[in-house]
Amino acid sequence: MLLNQFLLLSAVLFSIGVYGVLARRNGVLLLMSIELILNAVNINLVAFAAFTDTIGGEVFALFVIAVAAAEVGVGLAMVLLLYRSSRTIDLTTVDRLRG
Amino acid sequence: MNNLLIAALSADAGLPLGITEGGSWLLRNVWLIPLLPALSFVLILTFGKRMPHGGSELGIAAVGIAFVLALLTGIAWVDHRDNSHDQEVHVAVVQFDDHGVGHGDGSEEGHGGGHPSLAVHRTAVWFQAGGMEFTVGTLVDGLAVMMLVVVTLVSLLVHVYSTEYVHGDRRYTHYFAFLSLFSASMLLLVVSENTLQLLCAWELVGVCSFVLIGHWWEEKPNSDAALKAFLTNRVGDMGLLVGVTVLFFAAGSALPGRFGSFSIAETNALASSGMLSHTALLVASCGLMAAVMSKSGQFFLHTWLPDAMAGPTPVSALIHAATMVVAGVFMIARMYGVFFEGFQIGGSSINLMAFIGGLTTIVGACLAFVQRDIKKVLAYSTISQLGYMVMALGVGAWTAAVFHLFTHAFFKACLFLGSGSVAHAVHSFDMKSDMGGLRKHMPHTYRTFMIGTIALAGLPPLAGFWSKDEILVGTGGWGLLGGTGGNGAYTLMLGMGMLTAALTAAYMTRCVYLTFFGEFRGHGEPHESGPRITVPLWILAGLAIVAGFLNLPTGFQLAPGSLQERFGHYVEPVAGYFPAITHATPSWSLAIASTLVVMGGIAASGYYYFVKVEAASKAAGTSLTELPDGPTTRYPVAAMGYKLLDNKYYLDHLYNGVIANGTKGPLARLVYRFNQQVIDRTVDVVGETAVKVGTVVYDRIDQLVVDGAVNASGRASSGMGEELRRVNSGKVQSYAAILFAAATVLAGLLIVIV
Amino acid sequence: MTVLAALEGMDRLSGGDVLVAQNVAFAIMAITMVASALRMVTTRNVVHAALYLVIVLAGVAGIFILLGAEFLGVTQIMVYIGAIVVLFLFGIMLTKGSFGDDDGVTGERRLMAGLVGFLVFGVMTAALVESFADAELSRSGPSTTADIADSIFSAYIVPFEAVSVLLLAALIGAIVVARKD
């Protein structure tokens, strides 16, 4: 197996994730796209761990999973708060910090 | 001095200057002689009022001691001149070759060559700036020593005379103080080693002259006369300044590594050996000549001298007869190397100096004929005699000029003091209205005045004859049984000199007649003056008789050889700084001819006055001073001539009326108009233009362009801000998009570059 | 492209069958994941998006196992699919007013997003292909849990502790942020 195939897979998923982050209006869906990005990164990490025959990449991926979980928790809490205050989670309407 | 010392160590390696640093104590310390009267000046001003005789005793003591020192110095010089074996000083010059040594190299022909006369030279540095050392010092040679003796002697006699003449005067002490200062200045002038010092002393004597002429300044004519004297001298002093400066730089071009030189010895030595450019010497000579014309009363700057008679008579005797006015002559004699080369006196038949001198003699003599005031007669006589001296210098008869200076000091001082004695008795100077027949009342004065007159007229064997004859011989234009071999053939000057000799005799006869002969026309009882006046008169008269024998001409058959040319031997320098002048051979025929001319003058004037006027007086019963039907009444030409003389050739009109008033009046108005119309107008126009330009600049450029640019940039900023503000949409995903895009671009760049 | 490249390297290493199997497995999983991901970001239905996410996550777990990170693969399934997706579903449920709201995404926005995404993909691909072309994966064997445990509790003890604190903070933070008061 080539290293590149994993890395390119990771790149594809990352790009799709970026598209999702930028294009989605729904807050929850945005968070899901972020998860996609994180997972792409994880694949990258583990691929490199396999390539260099070390364990560091896997450990790092583990931490990423943990952080992702935390982030999703807080993010969803914020989305809930947003929903509670303005009854919508359409991110295009959340522009009160406009200049 | 250091330069000279260094040069002296390497003697024979440069131009010989004819001076030495060695010499007897008196010759080296001759600066003491001016110092004494200077000290007495200070002391008189400080303590004079408290002293029993008002300070005059200090003045007399100082000048007396100075005179004694001067005599001793003279004796020291006589010894030094022939017997000194001191080392001569040389100075390094640019392109000096021993072969073409030039003129003054110390071995003279014609004047009994032999032993050179090394002047005693001594300096001290008082200021240094930019590589140039300014020195003060003394240069003692025969000329300086002779002048020291003359000045101190005449000053001493004048001091004694003044104690009686200005007795009880309102400013007695002040008078004596300035008399001392004048003596000090004149003595400083004659021993000066460099032209700067000479210039300072020159100005100082001018100031003293101003102060002393205006002694009774409360009367306006006196203060006017003092100002006239000073300002006329100032005109000439500009020439002195120019001359000194030109010589300084001209000398600098010949001396390696030095800017220039004020030293008289160096400048003259360089000039005599032909190392200075002729143009520079000519310019310098003309400048110095201007100074001489004003100080020594040469024609057309002489107008101040007659007016200077407003001062006390002893002052006139000392300053305006014997000493100060001869400062110009002295300066020419001192700087003779410069003048000899500058005017090219050797080998021509006319030059500026000789011409001016000759003209002055005639002009002065003519003017003496029409004066009423006895002092003015003597003043014009002085002008005339000064003209003689300058003319003599102009034809190259150096010794003759200096000898005439010597003898003239004595007999002119005698005449002036005599006139003072007369005035003291009759309280007036006007011959025509207040004098006459005084020979009966004032015998001493009469006799000394007569001796002085005969000496002035130049009858043998009195002093004036010897000196005047030597001048006439020196012109080199006689050519009959001698009188040849001078520095040129100045026939015109000879003619002028002869004519003036006759005129001199004539006007002095007139003066003597009007004063001492005929009947007394004044008021009161004139009586002879006291001993303090008559003793100096006799001393001077005695000198007027014997002084001439000091310089008997060479080849004079009636005197032993050792007595011939004593004066010339000791006074004329035979040294590097003196040019090679030739001496004319004396001539019996010229002596006889000049005596005949003089006697002719006396006869003509004597006939007019002693015979015809006397007869007319007896016929009219009163004492007449002139014929009522004399030539001026009969011949219009004569009347016109008289009017010309009476108005002093209208020179005062020219100076005051035309030049001074012209400058004050029309010229000043013209300049004022120019100032107002042109200069002020220009300034105003510039101002208005500036305002207009300013307004235009403000309206167009500042408001539109500059402010426009500034406003535009402001608008651009706010416009850009408006546009860029849209980025801040508040939409998070826009931010995210930009973030991602930027990060990617940067990453791409990083990859590409790295 | 990548799939083809992947297929190219089929006959490289020793153990041709195993390798072929691995490559085939990879190919299947990769295609599935990419397709699901694309569907996830384009579907309008939120729940469908969540389910597509689950497929992607499962695929990731499979990749992990393929790469020999067994512990990680299992952890992935347990944590991500088991907890995080459930969390998402809770979120969806609690903000139910937004069902079917995700329409009307203007073309302009999608263009911009697509552009950026494509840009990102392009740069990364260029870099990767240039740097790691033909780099082989050669692993001695799968990593064991013991290895990971050793690593965590020795070399990476500090990050471990930090992540613990982070999780605690996130927990408390989430509660604080979302509570009703």
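Residues numbered from 1 in each chain as written. Chains lettered and ligands numbered in written order. Predicted model: local features only at pLDDT ≥ 70, side-chain atom pairs only at ≥ 80, totals over all residues. Heavy atoms only, no water.

1. A few points about the overall build of chain C
Within chain C one finds 7 helices and 0 strands. Taken from N to C terminus, the helices and strands of chain C fall in the order α-α-α-α-α-α-α. Counting across all 181 residues of chain C, residues that qualify as buried make up 35%. Looking at chain C alone, contacts between residues at least 24 apart form 55% of all its contacts between residues at least 6 apart. Element-wise, carbon and sulfur atoms account for 71% of the exposed surface of chain C, whose accessible area totals about 10000 Å². (Helix = DSSP H or I, 4+ residues; strand = E, 2+ residues; numbered from the N terminus. Buried < 20%, exposed > 50% of the residue type's maximum accessible area, 1.4 Å probe, protein only. Contact = heavy atoms within 4.5 Å. Areas by Shrake-Rupley, 256 points an atom, 1.4 Å probe, with all protein chains shown as cover.)

2. Section: the sheet that holds strand 2 (residues 88–91) of chain B
All names here are of chain B. Strand order in the open sheet formed by 4 strands is 2-1-3-4, with mixed pairing between adjacent strands. Each edge of the open sheet is held by one strand with a lone partner, namely strand 2 and strand 4 (132–140). Within the sheet, the average angular offset between the axes of one strand and its neighbour, ignoring direction, is 45°. Where strand 1 (residues 15–20) lies against strand 3 (residues 119–129), 2 bridges are found, and the strand directions are parallel. Looking across to strand 3, one finds that Thr 20 is bridged to Val 120. (Pairing = 2+ DSSP bridges. Axes fitted to C-alpha atoms, helices over the stretch in contact; angles between N-to-C directions.)

3. With respect to the packing of aromatic side chains
For the coordinates displayed, the defined rule picks out 36 aromatic pairs over all chains. Summarising the aromatic geometry, the rings of Phe403(B) and Phe567(B) are spaced 5.0 Å apart at their centres and angled 55° between planes, so their arrangement reads as tilted. In this pair, Phe403(B) is assigned in helix 17 (residues 398–426) and Phe567(B) in helix 23 (residues 566–571), connecting sequence segments 164 residues apart. For the pair formed by Phe403(B) and Phe567(B), the shared burial category is buried. Taking the centre distance of 5.0 Å and the plane angle of 70° together, the rings of Phe153(C) and Phe160(C) count as edge-to-face. Residue classification places Phe160(C) among the partly exposed residues on the basis of a relative accessible area of 26%. By the ring-pair criterion, three or more aromatic residues cluster together here, those being Tyr446(B), Phe449(B), Tyr513(B), Phe516(B), Phe517(B), Tyr608(B), Tyr609(B) and Phe610(B). Above the plane of the ring of Phe429(B) lies Lys375(B), whose end atom (NZ or CZ) is 4.9 Å from the centre. (Phe/Tyr/Trp six-rings, centres within 6.5 Å; stacked < 30°, edge-to-face > 60°. Lys NZ or Arg CZ within 6 Å of the ring centre and 35° of its normal.)

4. Let's talk about the interface of chain C and chain B
Across the boundary between the two partners, chain C contributes 7 residues, which contact 8 residues of chain B. Between chain C and chain B, a total of about 620 Å² is buried, with carbon and sulfur atoms accounting for 81% of that surface. Contact with chain B buries area across many residues of chain C, yet Arg109(C), Val116(C) and Val123(C) alone supply 51% of it, more than any other trio. Counting every contact that joins chain C to chain B gives 0 salt bridges. Linking chain C to chain B there are 0 residue pairs in polar contact (both at pLDDT 80 or more). (Buried area = accessible area lost by both parts, 1.4 Å probe. Salt bridge = Lys/Arg side-chain N within 4 Å of Asp/Glu carboxyl O. Polar contact = N/O pair within 3.5 Å; in protein donor to acceptor, adjacent residues only side chain to side chain.)

5. What about helix 24 (residues 588–620) of chain B?
Residues and elements named next belong to chain B. The first and last C-alpha atoms of helix 24 sit 46 Å apart over 33 residues, in line with the 48 Å expected at 1.5 Å per residue. Its axis deflected by about 35° at Gly 606, helix 24 carries its strongest bend there. Backbone geometry just downstream of helix 24 places Gly 621 in the positive-phi region, at approximately 85°. (Expected span 1.5 Å × (residues − 1). Bend = angle between axes of the 7 residues up to and from the residue.)

6. Quick notes on the packing of helix 19 (residues 443–457) of chain B against helix 22 (residues 531–546) of chain B
Residues and elements named next belong to chain B. Packing of helix 19 against helix 22 leaves a shortest axis separation of 9 Å and a crossing angle of 25°. The angle between helix 19 and helix 22 falls in the class roughly parallel. Regarding helix 19 and helix 22, the two cross each other, and that crossing is left-handed. The residues of helix 22 that touch helix 19, namely those facing His 444, Thr 445, Arg 447, Thr 448, Ile 451 and Ala 455, are Thr 534, Leu 537, Trp 538, Ala 541, Ala 544 and Ile 545. Across the contact of helix 19 with helix 22, the residue classes break down as 7 nonpolar, 4 polar and 1 charged. (Parallel < 35°, antiparallel > 145°, perpendicular 65-115°, else oblique. Left-handed = near helix turned anticlockwise from the far one by under 90°. Nonpolar A, V, L, I, M, F, W, Y, C, P; charged D, E, K, R; others polar.)

7. What to know about the side chain of Thr448(B)
All names here are of chain B. Turning to its location among the elements, Thr 448 is positioned in helix 19. A distance of 3.0 Å separates a polar atom in the side chain of Thr 448 from the backbone oxygen of Thr 445. Sequence-distant contacts of Thr 448, that is, excluding residues within four places in its chain, are made with Cys 414, Leu 537, Trp 538 and Ala 541.

8. Section: the interface of chain C and chain A
The partner chain A presents 67 residues to the 89 residues of chain C that form the contact. Where chain C packs against chain A, one counts 0 salt bridges. Taken together, the links from chain C to chain A amount to 10 residue pairs in polar contact (both at pLDDT 80 or more). If one sorts the elements of the side of chain C that touches chain A by residue count, helix 5 (residues 107–132) of chain C sits on top with 13 residues. When the residues that make up the side of chain C that touches chain A are grouped by side-chain class, the tally is 57 nonpolar, 19 polar and 13 charged.

9. With respect to the pattern of salt bridges
All names here are of chain B. Within this structure, the stated rule accounts for 13 salt bridges over all chains. For Asp 82, the salt bridge identified is with Arg 81, shortest N-O distance 3.7 Å. Looking at Asp 82, the relative accessible area reads 27%, which means it is partly exposed. A salt bridge links Glu 219 to Arg 170; the nearest nitrogen and oxygen atoms lie 3.8 Å apart. In this pair, Glu 219 sits in the loop between helix 7 (195–213) and helix 8 (220–254) while Arg 170 sits in the loop between helix 5 (142–165) and helix 6 (172–191), placing the two residues 49 residues apart along the sequence. Under the relative-accessibility criterion, Glu 219 is labelled partly exposed at 37%. Judged by relative accessible area, which is 47%, Arg 170 ranks as partly exposed.

10. Regarding the packing of helix 17 of chain B against helix 22 of chain B
Residue and element names in this part refer to chain B. The interhelical angle for the contact between helix 17 and helix 22, taken along N-to-C directions, is 150°, at an axis separation of 8 Å. Of the possible angle classes, the one that applies to helix 17 and helix 22 is roughly antiparallel. Between helix 17 and helix 22 lies a crossing whose hand is left-handed. Contact with helix 17, carried on its side by Phe 410, Phe 411, Ala 413, Cys 414, Leu 417, Gly 418, Ser 421 and His 424, involves Ile 533, Leu 537, Leu 540, Ala 541, Leu 543 and Ala 544 of helix 22 and no other residues of that element. For the contact of helix 17 with helix 22, the per-class residue count stands at 11 nonpolar, 3 polar and no charged.

11. Focus on the pairing of strand 1 of chain B
All names here are of chain B. Burial analysis of strand 1 places 6 of its 6 residues in the buried class, which makes it a mostly covered element. In this sheet, strand 2 lies alongside strand 1 in antiparallel orientation, the contact comprising 3 bridges. Following the sheet pairing, Pro 16 is matched in strand 2 by His 90.

12. Things to note about the nonpolar core
Core analysis: the biggest nonpolar cluster contains 214 residues, and Met146(B), Met147(B), Phe182(B), Leu270(B), Tyr336(B), Met353(B) and Trp398(B) have the highest contact counts within it. Here this core gets 19 residues from one element, more than from any other, and that element is helix 17 of chain B. Once residues lying within four places of it in the same chain are set aside, the contact partners of Met147(B) are Met186(B), Val190(B), Val326(B), Phe330(B) and Leu405(B). By size, the runner-up hydrophobic cluster in this structure holds 83 residues, among which are Leu30(A), Met32(A), Phe740(B) and Phe121(C). (Core = buried A, V, L, I, M, F, W, Y, C linked by side-chain atoms within 4.5 Å.)

13. Observations regarding the confidence of the model for chain C
Residues and elements named next belong to chain C. On average, residues of chain C score 84 in pLDDT, and 83% of them reach the 70 mark or higher. Contacts of residues 9–15 to residues separated by more than four positions or lying in other chains number 12 contacts, the stretch itself having pLDDT below 50. Interface confidence for the predicted complex, given as ipTM, is 0.91, next to a pTM of 0.65. (pLDDT = per-residue confidence, 0-100.)

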